[in-house]
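Working through the structure, step by step
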Amino acid sequence: MPTADSPPVPVEAAARRRIALGPLPVMAALLVVAVIAAACVGASGLPLARAVHGLFVWDGSADHELVIGVRLPRAVLSVLVGANLAVAGLLAQTLTRNPLASPQTFGVNAGASLAIVLTAAVLPSTGVLGAVPSAFAGAAGVGAIMWFLSLSGAVSAVGLALAGITLQLLLTALVQALLIMSNTTQDLVFWLAGSVTGADWPKVAVVLPFTVVCGVTVLLAARHLGLLELDATTGASLGQNTRRVAALAAALVVLLAGSAVAVSGPIGFVGLIVPHIARRLPGGAGLRRQAVLCLVGGPLLLVCADLLGRVLAFPAELPVGVVTALLGAPVFLLLAVRGRGR
Amino acid sequence: MRRRRTGRHLRPWHALLGALALLLTAPMLAACSGGGSATDAPPPAGAHAVRHLLGTTEIGGKPRRVVALEYSFVQALDALGVSPVGIADDNAPDRVTQLLGKKIDYTSVGTRLEPNLELVSSLRPDLIIADSTRHAKIYKQLSAIAPTIVLNSWEGSYQDIKDAVVTIADALGDRAAGERVVQRHEKVMAGLAARIPKGERRTFMLVVSTPDSMTLHTSSSFTGSVFRTLGLTPAVTSDSPQESGAGLERVAAVNPGVLLVAVDGSGTAYDQWKDTPTWKGIAAVRDGQVHVVDRNQFSRFRGLRTAEVIAQTVLENVYRADG
């Protein structure tokens, strides 16, 4: 990524004027369209006109309750989770200077999943919503391990990716073991594929603060966070407290990914491919712009994937995590192959 | 690992092998011993052939040391007067007590999903009854331990379960006993069906409430086919017995007239949805026809006795008729 790595400060100021718009308005418009489409499509086969009526006319009718109470929270949850995962992926990739990094490949998603499944096995009645603290604990545990590994400097970028994948495999194996041993956890299988089926406003309320606070923090601290992309000595020579900034980035990854997994299960590939695409888009230079693109692109991908999951298996549905894997794997392979040619 | 096949003659090795097996994961166990043929010894004299889903098995005499790898088989055995020596009970012995309505002595052989083959073997069974969905892959290993028949329990319809009772009776050496048990049961069911008012037009559905979503049981599920036997209409007609991952909108779209919600424990989708306007708009909810039922009885067990329990529950809850 030769263009993306240019020093951010002067370019960003110039770029702000030159490519102030870029693909962002188009993506934002597409996202709005996707959210409205998500609110208009569903298992009940409500005619479009009635769905739109239900969306915009607050008359307390059954149509309205369905669109506002069931479909809209699902779309909004997809937006928030998509934003969280994409930004978490961007930060992980920047922090570790590793294009393979994402909450999934670093085992953060798996850590949160294991913690939730463990909670379900020990305290069966907490439900998924009650598992938010344990999701954070699991995400933080894995995040800490990966952070120490990356800070130690003893591990190369590839080694770090391997360590993350190893960790993910280990944690996933433990989840499997729990699923086999415990009856109560077997019910979590659908959720473990990554799903927004159970979305409702309380879940939106759980994840919204994390999206807003972490998103704003990333945008405000983008200049500092962006320097993480350079090696530590360069960052330090530019007057940065590298250690503190890295800790902030790691904490943000844990908060963003942990809250996402708590409400929707471990959805993969969003955190991996969206940052890559963001960097290649016009105007994708500099962490702040990349973060903005991720904040729009992640939701766009997840809302569309969920729509697709509902249409493909209609009237049943595919978990959105399955769809993102089906979409994400070929896209990532394509990016990898094209990236080599550069 | 090839020595495992000859371990039969080396008794002291058994404990060591058992410890080894604990260290190995089940798939590895399957891979290592999978090479052995299913028919070690020639069929004993007086053996009779029993046809089942994975072929024909020669069974000698009247087996009495039976291992059942699904709950429905336990109920069938009980109806035929045989108490299994081993049950894959998901390590939940209280379920077996509930399943049979009485306490029996048996050894747990682990979960239905991953039965412990060492434990099965240690019971020295003379018949193993396995499920076609969950145990087809370990059929060879099971057959190496004892004659094994494979029947459809996990995805079995009411008819499959009734047929299974006859097949199990056949394997026990008395097919006629199975036919008698089924006939007696059918009379009971006909009696229960007769008490359901004529002209019932509502649709019936069982859902299992799990965290975040529900699993819908369709017309081809066990409960769905019991509903049909009672002259009731299942709300979802499908060839696949279950539809998992159903969201609130899907349940509302099906809009059943009578909804049975199977739960065990709280924190499931039912708790999450029951106060929402969309849930309250479902026909069954408006008519007060949502009944929380026992998940073991309605979703896990599948048997003749369970069919009767389901019919009784419907009579008591939907029609306020005493069982």
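Each chain has its residues counted from 1, following the order in which its sequence is written. Lettering of chains starts at A and numbering of ligands starts at 1, both following the order in which they are written. A pLDDT threshold of at least 70 governs which residues receive local features in this predicted model, and a stricter bar of 80 or more applies before side-chain atom pairs are shown or counted, although totals over entire chains, interfaces and linings include all residues.

Secondary structure summary: chain A contains 15 helices and 0 strands in total. By residue count, 52% of the 342 residues in chain A fall in the buried class. The secondary structure listing takes helices from DSSP runs of H or I that are at least 4 residues long and strands from runs of E that are at least 2 residues long, numbered from the N terminus. Exposure in this text rests on C-beta crowding, where 20 or more other C-beta atoms within 10 Å of a residue's own make it buried, 12 or fewer make it exposed, and counts in between make it partly exposed. The C-beta atoms are placed from the backbone.

Moving on to the sheet that holds strand E3 (residues 66-68) of chain B. Residue and element names in this part refer to chain B. At least two bridges found by DSSP between two strands are what make those strands a pair. If you trace the 5 strands from one edge of the open sheet to the other, you get E5-E4-E3-E6-E7, paired in parallel fashion. A strand with exactly one partner marks an edge of an open sheet, and here the two such strands are strand E5 (107-108) and strand E7 (148-151). Throughout, a residue-residue contact means that the two C-beta atoms, derived from backbone geometry, are no farther apart than 7 Å. Axis angles are defined between N-to-C directions and span 0 to 180 degrees, where every axis is a line fitted to C-alpha atoms and, for a helix, only to the segment in contact. Seen against the sheet, helix H7 (residues 158-171) touches strand E6 (127-131) and E7 and runs at an angle of roughly 175 degrees to E7.

All names here are of chain B. Split by domain assignment, chain B resolves into domain 1 (36-185) and domain 2 (199-318). Listed as interface residues are 17 residues of domain 1 and, on the opposing side, 15 residues of domain 2. Breaking the side of domain 1 that touches domain 2 down by element, the ones donating at least two residues are helix H3 (71-79), helix H4 (93-100) and H7. Of the residues forming the side of domain 1 that touches domain 2, the biggest block, 5 residues, is contributed by H3. Partitioning the side of domain 1 that touches domain 2 into residue classes produces 7 nonpolar, 8 polar and 2 charged. Segmentation into domains, and thus their bounds, comes from an automatic or database assignment. Following the grouping adopted for this structure description, the nonpolar residues are Ala, Val, Leu, Ile, Met, Phe, Trp, Tyr, Cys and Pro, the charged ones are Asp, Glu, Lys and Arg, and the polar ones are all others, Gly among them.

A set of buried Ala, Val, Leu, Ile, Met, Phe, Trp, Tyr and Cys residues, joined through C-beta atoms within 7 Å, is what we mean by a nonpolar core. Among the nonpolar cores identified, the biggest contains 187 residues, and A:Val87, A:Leu91, A:Val253, A:Ala257, A:Val303 and B:Ile129 are the most heavily contacted of them. Ranked by residues supplied to this core, first place goes to helix H4 (residues 62-96) of chain A with 19 residues. Viewed by domain, this core spans two of them, domain 1 (36-185) and domain 2 (199-318) of chain B, each represented by three or more residues. If we skip the residues at most four places from it in the chain, B:Ile129 touches B:Val66, B:Ala68, B:Leu69, B:Phe73, B:Ile149, B:Leu151 and B:Ile168.

If you look at the interface, chain A gives 31 residues, while chain B gives 29 residues. Those elements that provide at least two residues to the side of chain A that touches chain B are H4 and helix H8 (189-192) of chain A. A per-element tally of the side of chain A that touches chain B places H4(A) first, with 6 residues.

Residues and elements named next belong to chain B. Where H3 meets H4, the closest approach of the two axes is 10 Å, and the angle between their N-to-C directions is 45 degrees. The orientation of H3 relative to H4 falls into the category oblique. In this structure, H3 crosses over H4, and the sense of that crossing is right-handed. Packed against H3, whose contacting residues are Tyr-71, Val-74, Gln-75 and Asp-78, the element H4 presents Val-96, Leu-99 and Leu-100 at the interface. A per-class count over the contact of H3 with H4 returns 5 nonpolar, 1 polar and 1 charged. Here the word oblique covers every angle except those under 35 degrees (roughly parallel), over 145 (roughly antiparallel) and from 65 to 115 (roughly perpendicular). Handedness of a helix crossing follows the sense of rotation of the near helix relative to the far helix, less than a right angle counterclockwise being left-handed and clockwise being right-handed.

On to the confidence of the model for chain B. Each residue carries a pLDDT score, the predictor's confidence in it, ranging from 0 to 100. Across chain B, pLDDT averages 84, with 84% of residues at or above 70. In this model residues 15-41 of chain B is a low-confidence stretch, pLDDT under 50, and it forms 23 contacts with partners more than four residues away in sequence or in other chains.

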